[in-house]
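# Observations on the three-dimensional arrangement
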Amino acid sequence: MSTPLQIGPVAFRNRIALAPMSGVTDLPFRQLAHEFGAGFVVTEMVASRELVHNAAESWSRLSNSGIDPHIVQLAGRDPHFMAEGARIAEAHGADMIDINMGCPAKKVIGGLSGSALMREPELALAIIKAVVEAVKVPVSVKMRLGWDDQSLNAPELARAAEALGVGMITVHGRTRMQFYEGRADWGKIARVREAISIPLVANGDVRSRDDIAGILAASGADAVMIGRGAQGRPWLPGVLAGARAEPDISEIKTIFARHYAMMLDFYGREPGLRHARKHLGWYLDHAAPGAPIALRQQILTSRSPEDAAALMQAAFDGDWSTPQTSEAA
């Protein structure tokens, strides 16, 4: 997995990627994952219509800072807006466009985007065609196995996408109706491998080197994408790619402090505190799983970034008392 992968003119330094996750893989998270050795990282999904209409949040998600290659994931169900969004992303430095046809979130499929497009293959292919024709950079598609167990149409959709000029396919080994329940079915990803000749990326329940060996053997994929396993561990893709060692608790404390400061700087003090809370919880899950519920609650409800940071360091140190904070003073 340490070998490079080439998609047209775009080179990935290794084959372990960070998956795009809405509300998670913002610029600070991507910067850290890239620095720690991920083969490539992908933005949070950018709503194409909102990007075209100049919505601030979409422009924020489009942002990049020294990450090479810069891969932008677009979401939407209108071929026109998807094509226009791709043009905007390319004009603002995107080296590759990824089309979201895999997100299972109710908010996304409620707008008939994401994995809902797998129920409308003709529209899905119209979107792919429009995006491929709109830009000069490579285009990839991320999808699931299908909408449900009765419509496992990923192989057919992937084959047609390749014929339209898509350069890479990523498949999460669940249907939309499974959401994130049960285990990803890595073996069913192999049906996509049999249907296409372009690079295939396998995704779903990868958290260890054993998982990587298992998903590659079962799927025949060329690369692996890590999603939820990296929450609270932005270093994980790099570790599994062999780019760096697993950090000890001392280094985790340093990484956390830097990550938290980056989020506060990126979003601003109060919005940054709100955005960071889920990340604080994931860091605790990984590096301080024994922290008492009372301490977790104090951290995750703190209205002071300084207090939250101090309490996090105490939790990492195994200090299960509840230190005096400015809020309690």
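This section reports on the structure supplied with the text. (Residues numbered from 1 in each chain as written. Predicted model: local features only at pLDDT ≥ 70, side-chain atom pairs only at ≥ 80, totals over all residues. Heavy atoms only, no water.)

### Section: the overall build of the protein
Secondary structure summary: the protein contains 14 helices and 11 strands in total. Taken against the 2.2 N^0.38 rule, which gives 20 Å for 329 residues, the C-alpha radius of gyration of the protein at 20 Å falls within 12% of a compact globule. On the principal axes, the C-alpha backbone points of the protein span a range of 65 × 45 × 35 Å. Classification of the 329 residues of the protein by burial places 56% in the buried group. Look at the contacts in the protein between residues 6 or more apart in sequence, and 66% of them connect residues 24 or more apart. Carbon and sulfur atoms make up 51% of the accessible area of the protein, which totals about 13300 Å². Counting 34 positive and 36 negative side-chain charges, the protein places the averaged centre of each group 2 Å from the other. (Helix = DSSP H or I, 4+ residues; strand = E, 2+ residues; numbered from the N terminus. Rg over C-alpha atoms; globule rule 2.2 N^0.38 Å. Buried < 20%, exposed > 50% of the residue type's maximum accessible area, 1.4 Å probe, protein only. Contact = heavy atoms within 4.5 Å. Areas by Shrake-Rupley, 256 points an atom, 1.4 Å probe, with all protein chains shown as cover. Lys, Arg positive; Asp, Glu negative; His and termini not counted. Charge placed at Lys NZ, Arg CZ, Asp CG, Glu CD.)

### Quick word on the sheet that holds strand β11 (residues 223–226)
Read across the open sheet, the 9 strands follow the order β4-β3-β11-β10-β9-β8-β7-β6-β5; overall the sheet is parallel. Of all strands in the sheet, those bounded by a partner on one side alone are β4 (40–41) and β5 (46–47). Strands in contact with helix α6 (residues 121–134) are β7 (96–101) and β8 (139–144); relative to β7, the strand with the most contacts, it is inclined by about 170°. Each of β9 (168–172) and β10 (200–203) is contacted by helix α8 (residues 186–195), which is oriented at about 170° to β10, the strand it contacts most. (Pairing = 2+ DSSP bridges. Axes fitted to C-alpha atoms, helices over the stretch in contact; angles between N-to-C directions.)

### Some remarks on the packing of helix α11 (residues 249–267) against helix α12 (residues 269–287)
Interaxial distance between α11 and α12 falls to 8 Å at its minimum, and their mutual angle equals 160°. The orientation of α11 relative to α12 falls into the category roughly antiparallel. At the point where α11 passes α12, the crossing takes the right-handed sense. When α11 is examined against α12, the residues Ile249, Ile252, Ile255, Phe256, His259, Tyr260, Met263, Leu264 and Tyr267 are found in contact with a partner set consisting of Arg269, Pro271, Gly272, Leu273, His275, Ala276, His279, Leu280, Tyr283, His286 and Ala287. Considering only residue class, the contact of α11 with α12 consists of 14 nonpolar, 5 polar and 1 charged. (Parallel < 35°, antiparallel > 145°, perpendicular 65-115°, else oblique. Left-handed = near helix turned anticlockwise from the far one by under 90°. Nonpolar A, V, L, I, M, F, W, Y, C, P; charged D, E, K, R; others polar.)

### Describing the nonpolar core
Grouped together as the largest cluster of nonpolar side chains are 67 residues, with contacts concentrated most on Ile97, Ile99, Met101, Met143, Val166 and Ile169. Counting residues per element, this core draws most heavily on α6, which supplies 8 residues. Residues contacting Ile97, with those up to four places away along its chain left out, are Val72, Leu74, Ala86, Ala89, Val131, Val135, Val137, Pro138, Val139 and Ser140. (Core = buried A, V, L, I, M, F, W, Y, C linked by side-chain atoms within 4.5 Å.)

### Re the pairing of β7
The buried fraction of β7 is high, at 6 of 6 residues. Burial along β7 is two-sided: Met96, Asp98 and Asn100 facing one way and Ile97, Ile99 and Met101 facing the other are all buried. This β-α-β element, strand β6 (residues 71–75) to helix α4 (residues 79–91) to β7, shows right-handed connectivity. The sheet contact formed by β7 and β8 spans 5 bridges and is parallel. (Right-handed = clockwise from strand over helix to strand, strands pointing away.)

### So, the layout of surface pockets
The calculated volume of the largest pocket comes to roughly 1100 Å³. As for the largest pocket, its lining consists of 45 residues, of which Ser22, Met45, Asn100, Cys103 and Val108 are closest to the centre. Elements represented by at least two residues in the lining of the largest pocket include exactly β5, α2 (48–52), α3 (56–62), β6, α5 (106–109) and β8. Considered class by class, the residues forming the lining of the largest pocket number 18 nonpolar, 15 polar and 12 charged. (1 Å grid on protein atoms, 1.4 Å probe; cavity = no way out; pocket = protein on both sides within 12 Å on 5 of 7 lines; lining within 4 Å. Points joined across faces, edges and corners; volume = space filled by probe spheres on them.)

### Details of the pattern of salt bridges
Within this structure, the stated rule accounts for 16 salt bridges. Ionic pairing is found between Arg193 and Asp222, a salt bridge with its closest N-O pair at 2.5 Å. Highlighted residues: Arg193 in helix α8 and Asp222 in the loop between α9 (209–219) and β11, separated in sequence by 29 residues. Take Asp222: its relative accessible area is 22%, and that puts it in the partly exposed class. In this structure, Asp317 engages Lys253 in a salt bridge whose closest nitrogen and oxygen atoms are separated by 2.7 Å. (Salt bridge = Lys/Arg side-chain N within 4 Å of Asp/Glu carboxyl O.)

### Here's the deal with empty space enclosed by the protein
Within this structure, the stated rule accounts for 1 cavity of 30 Å³ or more. Estimated volume of the largest cavity: approximately 50 Å³. Taken together, Phe40, Val42, Ile71, Asp98, Ser140, Lys142, Met168, Thr170 and Met225 form the lining of the largest cavity. Elements supplying a minimum of two residues to the lining of the largest cavity: β8 and β9. Grouping the constituent residues of the lining of the largest cavity by class yields 5 nonpolar, 2 polar and 2 charged.

### A few points about the side chain of His34
Mapped onto the elements, His34 comes out in helix α1 (residues 27–35). His34 gets classed as buried once you look at its relative accessible area, which sits at 15%. At a separation of 3.4 Å, a polar atom in the side chain of His34 contacts the main-chain carbonyl oxygen of Asp68. Excluding its chain neighbours within four sequence positions, the residues that come into contact with His34 are Arg13, Val41, Gly66, Ile67 and Asp68. (Polar contact = N/O pair within 3.5 Å; in protein donor to acceptor, adjacent residues only side chain to side chain.)

### Observations concerning α11
Compared with an ideal rise of 1.5 Å per residue, which puts 19 residues at 27 Å, α11 spans 27 Å between its outermost C-alpha atoms and is within 8% of the ideal. When α11 is considered as a whole, its buried residues turn out to be Ile252, Ile255, Phe256, His259, Tyr260, Met262 and Met263. Considered in projection along α11, the buried side chains sweep an arc of 160° and stay on one side of the axis. What points out from α11, more than 90 degrees from its buried face, is the exposed set Thr254 and Asp265. Contacts made by the buried residues of α11 are with α1, α12 and α14 (305–316). Positive backbone phi, at 100°, marks Gly268, one or two positions downstream of α11. (Expected span 1.5 Å × (residues − 1). Arc of directions from axis to C-beta.)

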